[in-house]
Number of protein chains: 2
Amino acid sequence: MSPYDPSAFPPFAVTVDLVVLTVRRHALCALVVRRGEAPFQGRWALPGGFVRDDEDLGAAAARELVEETGLCVHDPGALPPAPGKGAHLEQLATYGDPRRDPRMRVVSVAHLALAPDLPAPRAGGDANSARWAPVEELLHEGEPAGEAPAGEDRPEPLAFDHAQILADGVERARSKIEYSSLATAFCPPEFTVGELRRVYEAVWGVVLDPRNFHRKVTGTPGFLVPAGGTTTRQGGRPAQLFRAGGATLLNPPMLRPEV
Amino acid sequence: MSPYDPSAFPPFAVTVDLVVLTVRRHALCALVVRRGEAPFQGRWALPGGFVRDDEDLGAAAARELVEETGLCVHDPGALPPAPGKGAHLEQLATYGDPRRDPRMRVVSVAHLALAPDLPAPRAGGDANSARWAPVEELLHEGEPAGEAPAGEDRPEPLAFDHAQILADGVERARSKIEYSSLATAFCPPEFTVGELRRVYEAVWGVVLDPRNFHRKVTGTPGFLVPAGGTTTRQGGRPAQLFRAGGATLLNPPMLRPEV
DNA sequence: TCAAAAGTGTTCAGCATACACCCATGG
DNA sequence: CCATGGGTGTATGCTGAACACTTTTGA
């Protein structure tokens, strides 16, 4: 019964699972990978893996993120933001129901990553084993009951409790862009006010007034800093380019319109 | 290398640690227990323990809470609030640095509990092994550097990484009472507007305008429901008694004054 | 009568909203 | 010339901050 006795406590497997979100074609998308083995073989799941013996939880999540997407993690303190493609990474929640994995007792420390739009997912070179899927499709959002169109099959639900983890991650992202500058993590290093607005619109699923949005974000000190150039990639009048400023907390917050 | 092979992943011990907060004598206090064994023998620590083999994380935290305080957990869905003394309990974050426990690899899933003022802590009947300590004292808040008075010793720091866990829990509580009705978890079943205001003042360490606070909380639908009686336990004009209403989200939020 | 706490009414400033309007580009 | 998106100005309404004032008890 000494505290050093390994038989005094039950052994657990500890994993990290990743909710990696991005905005593609005006839709909030999550990275999912195809499971190659039982249980849930062939089903889509969140990327993840075992935490190594000498590894911190955040380091394990960052390692999995690099392995799955090639993204490096923004160190919040380090400036300039990152040499390569960077992403935001934070711990989300921990899931430990005794029956969440039929094989053994697994506790999963879920992490949330926000990434700019990437060319294509890579998962060991196999293009068919990883994809960006709209979260609306993965979570069947906006389908009260049996509202599925006759012709379309409902997609298979995610493996394990990953639908719950994904829902929690999406909810966290939706609420956190209200009062923080986190939405810039969905944008490339330089972006326009309109691009940032389309991020908010995609994540929240709403339409925002472009004029008031512009005044709000440019009027909040430290949120955006001018990058110097302009671009016309959206058509219309050229737009100023900005970089994310140092401010992380938005006060007053960006208000999410009623649903 | 089969997924069923227990040697394919390193075994972890999984614990729950509790940040139990209450408001006593106008100060935010946390429950700490004296460690009876190495490491950190004799030092104060957050209450906690191993998760059992067949137990969910939230259930383990609720069990520890009952063992340490006798408090039952409010089921958010169940009404009336609770038969006995109830408390709010939610998952906080997970701490898994490889060196956080010198004995072995321990991952701790910290939980945050908010409780009304209790007569006295009980920990196995030993009155000297558990106490409510002001968080300001435990975290040395507001002491820039070497500002400690000559006569007073700085209290011993908490064991393990519990100072960080406590700081995270306090920060969570401080921000969450802004936009939720969670502050009522610090109050007895029936309470006055003034008592609720003193909770906000203690948790935030600020002074609020009693008149505007009164209008704010009584004007938010679903936040407070009249309980019928009045009390004069604070002196002065008798105050109406209220119970916590069903609303959990405050919109617009209670604004925390600048520091 | 006074102190103390509970409530109510009123004014003012800041910010979100809505929308009219102008600017600069591509086709 | 027109469509498209970028950006500015302005009126309106809501709400939080500040504070004068009344109410109701105990000492």
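About the thresholds
Residues numbered from 1 in each chain as written. Chains lettered and ligands numbered in written order. Predicted model: local features only at pLDDT ≥ 70, side-chain atom pairs only at ≥ 80, totals over all residues. Heavy atoms only, no water. Helix = DSSP H or I, 4+ residues; strand = E, 2+ residues; numbered from the N terminus. Buried < 20%, exposed > 50% of the residue type's maximum accessible area, 1.4 Å probe, protein only. Areas by Shrake-Rupley, 256 points an atom, 1.4 Å probe, with all protein chains shown as cover. Least-squares fit on C-alpha atoms with pLDDT ≥ 70 in both. Contact = heavy atoms within 4.5 Å. Phe/Tyr/Trp six-rings, centres within 6.5 Å; stacked < 30°, edge-to-face > 60°. Lys NZ or Arg CZ within 6 Å of the ring centre and 35° of its normal. Near = heavy atom within 4 Å. Polar contact = N/O pair within 3.5 Å; in protein donor to acceptor, adjacent residues only side chain to side chain. Nonpolar A, V, L, I, M, F, W, Y, C, P; charged D, E, K, R; others polar. Buried area = accessible area lost by both parts, 1.4 Å probe. Salt bridge = Lys/Arg side-chain N within 4 Å of Asp/Glu carboxyl O.

Counting secondary structure elements, chain A contains five helices and 10 strands. Among the 259 residues that make up chain A, the fraction classed as buried is 46%. Of the roughly 13,100 Å² that chain A leaves accessible, carbon and sulfur atoms contribute 54%.

Below, the discussion takes up the relation of the copies chain A and chain B. Each copy superposes on the other: chain A lies on chain B with an RMSD of 0.1 Å after a rotation of 180° and an axial shift of 0.0 Å. Such a combination of turn and shift is consistent with a two-fold rotation axis. Looking at the interface residues of chain A, 100% of them are also at the interface in chain B, so both copies use one shared face.

This paragraph deals with the packing of aromatic side chains. Inspection of the entire model under this criterion finds eight aromatic pairs over all chains. The interplanar angle of 10° and the centroid separation of 5.3 Å between the aromatic rings of F50 of chain A and F9 of chain B together place this pair among those described as stacked. Highlighted residues: F50 of chain A in strand β4 (residues 48–50) and F9 of chain B in the segment before β1 (13–24), drawn from two different chains. The class for F50 of chain A is partly exposed, based on a relative accessible area of 32%. What makes F9 of chain B buried here is its relative accessible area of 12%. The rings of Y200, W204 and F213 of chain A are connected pair by pair, giving a single aromatic cluster. The ring of W44 of chain A carries the charged tip of R131 of chain A above its face, separated from the ring centre by 4.9 Å.

In the region of DNA strand D, 23 residues are neighbours, and R211 and R237 of chain A together with R211, N212 and R237 of chain B sit closest. The sugar-phosphate share of atoms of DNA strand D within 4 Å of the protein amounts to 52%. The separation between a base oxygen of DNA strand D and a polar side-chain atom of R237 of chain B is 3.0 Å. Those elements that provide at least two residues to the surface near DNA strand D are α4 (193–204), α5 (210–219) and β10 (239–244) of chain A together with α5 (210–219) of chain B. Per-element accounting of the surface near DNA strand D gives the leading share, four residues, to α5 of chain B. The residue inventory of the surface near DNA strand D, partitioned by class, reads five nonpolar, eight polar and 10 charged.

Here we come to the interface of chain A and chain B. Bring the parts together and some accessible area is lost; that lost area is often taken as the interface size. Between chain A and chain B, the contact holds 30 residues from the first and 30 residues from the second. Summing both partners gives a buried area of about 2,500 Å² for chain A against chain B, and 63% of it is carried by carbon and sulfur. Across the contact surface, chain A and chain B share zero salt bridges. Run the count over chain A and chain B and you get 12 residue pairs in polar contact (both at pLDDT 80 or more). Elements represented by at least two residues in the side of chain A that touches chain B include exactly β1 (13–24), β6 (86–95) and β7 (106–114) of chain A. No other element matches β6 of chain A, which puts four residues into the side of chain A that touches chain B.

Shape descriptors only; they carry no functional weight alone.
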